[in-house]
Amino acid sequence: MAIASEKEILEHIESIDLNQLLDKMENYVRDRFYNKSDKEKKGFEYLDFCHNVILKVCEGVRKWDKDGDATFEEFIFGSLRSDLYNYFRKQKNNTNSNLDEETCLIEINEYSDLDILESEEKPPDLDFDEICKDTLLFLKEQGANKLEIEIFECWLEGYSKPQEIAELCNTNTADINNAIKRLSKKTVKLKKKWISLKN
Amino acid sequence: MDKFKELINKGFTQNYLSNDIENIHDNLVNHGVDLAENKKRQDKLIKQLKFKLRSSINEEKYNTLLIRATESFQDAIIKGLEKPVAYLNTLIKENRVAVQYNKLEKLSSEEIKEIIKDQNLIEIIELLENEQ
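Read on for an overview of the structure. (Residues numbered from 1 in each chain as written. Chains lettered and ligands numbered in written order. Predicted model: local features only at pLDDT ≥ 70, side-chain atom pairs only at ≥ 80, totals over all residues. Heavy atoms only, no water.)

## Considerations on the interface of chain B and chain A
With 42 residues of chain B at the contact, the number on the chain A side is 60 residues. Seen at the junction of chain B and chain A, the total is two salt bridges. For Arg54(B), the salt bridge is made with Glu14(A), and the minimal N-O distance between the two is 2.4 Å. The element contributing the most residues to the side of chain B that touches chain A is helix H3 (residues 35–79) of chain B, with 16 residues. (Contact = heavy atoms within 4.5 Å. Salt bridge = Lys/Arg side-chain N within 4 Å of Asp/Glu carboxyl O. Helix = DSSP H or I, 4+ residues; strand = E, 2+ residues; numbered from the N terminus.)

## Notes on the packing of aromatic side chains
Using the criterion set out here, one finds 15 aromatic pairs over all chains in the structure. Aromatic pair Phe49(A) and Tyr87(A): ring centres 5.1 Å apart, planes at 80°, arrangement edge-to-face. Pair noted here: Phe49(A) is in helix H3 (residues 46–58) and Tyr87(A) is in helix H4 (residues 72–95), with a separation of 38 residues, a long-range link. Over the ring of Tyr46(A) we find Lys41(A), and its NZ or CZ is 4.1 Å from the ring centre. The positively charged end of Lys3(B) is found above the aromatic ring belonging to Phe128(A), 4.0 Å away from the centroid. (Phe/Tyr/Trp six-rings, centres within 6.5 Å; stacked < 30°, edge-to-face > 60°. Lys NZ or Arg CZ within 6 Å of the ring centre and 35° of its normal.)

## A short note on helix H1 (residues 6–15) of chain A
Looking only at H1(A), the buried set comprises Ile9(A), Leu10(A) and Ile13(A). The buried residues of H1(A) occupy an angular sector of 100° when projected down its axis, which confines them to one face. Lining the buried residues of H1(A) we find helix H2 (18–32), H3 and H4 of chain A together with H3 of chain B. (Buried < 20%, exposed > 50% of the residue type's maximum accessible area, 1.4 Å probe, protein only. Arc of directions from axis to C-beta.)

## Digging into the side chain of Glu148(A)
Residues and elements named next belong to chain A. Assignment of secondary structure puts glutamate 148 in helix H6 (residues 146–156). Assessed through its relative accessible area of 2%, glutamate 148 is described here as buried. Polar contacts involving the side chain of glutamate 148 include one to the side chain of arginine 182, which spans 2.6 Å. A polar side-chain atom of glutamate 148 sits 2.8 Å from a polar atom in the side chain of lysine 186. Beyond its immediate chain neighbours, meaning those up to four positions away, glutamate 148 contacts Ala179, Arg182, Leu183 and Lys186. (Polar contact = N/O pair within 3.5 Å; in protein donor to acceptor, adjacent residues only side chain to side chain.)

## A look at the environment of Gln48(B)
All names here are of chain B. By the element assignment, glutamine 48 lies in helix H3. Overall, glutamine 48 belongs to the partly exposed group, its relative accessible area being 40%. Distance from glutamine 48 to glycine 32, taken between C-alpha atoms, is 26 Å for residues 16 residues apart in sequence.

Next comes the structure, spelled out in structure tokens:
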């Protein structure tokens, strides 16, 4: 593991378009908050969540392994996802409310990379092919169209970048973007199904 | 199940991270964001981030120099090198630094740091290296 020094982080920050990264991050944060009231932001602006994540990386609170699998941008995004998950979980704990299904719209499994949940009971060891088949059937039942199904199939084949998926599906990235948004909403029940599998 | 979740999660994340910037901007505009105004706020934050990083890097550099200069002075005192010792005495007089001992050998590294902290450390290190 080779933790990037402050100097290396500064060099990296100066070598990328940080405005674009912040735009991408804010887009993500806004989607995560789309069904929330302003009150739930606790006075923070959307950009504050993004800024705090980058600040933590700069200050070494979150350490980027420059020789690891994740690029700087991927690391920042993973940190943002994790921070938001913790933020929502904390809010839920504070209000002692039940699982709000709307919170899970964007991410099917937000907690896979969080240490704190590693100790949780592991779900049954289901066969990968069986889960894929079952999920595709489930998405069709939810009214997923051809493109949404194709995107899902691309993910299962290991294609994750919108550009390569667009090429494979013979369409453009804007269509892929919109289809993924629709797809995210259809995964709400999927999330609930997985939770029930764990219990 | 984990492999499956990982693939799906990656697909969702990459849609945000790797999507064309035009699509991202369209989404932001749909969220009611004024892109020009947003850029101004971002630029301010980016400036703050870079400033903070540079300050921290400079502080680290300065501390390294301070330690190096202090060690060189301690070495020069032990060896009784004339010029560095005279220089240190001048600094003590000029800065009116209150040191606990009259004898330079008894100065602690913290006291030496206190004496030289506002000086040009690179010049001091050069002076000491030339003398040794």
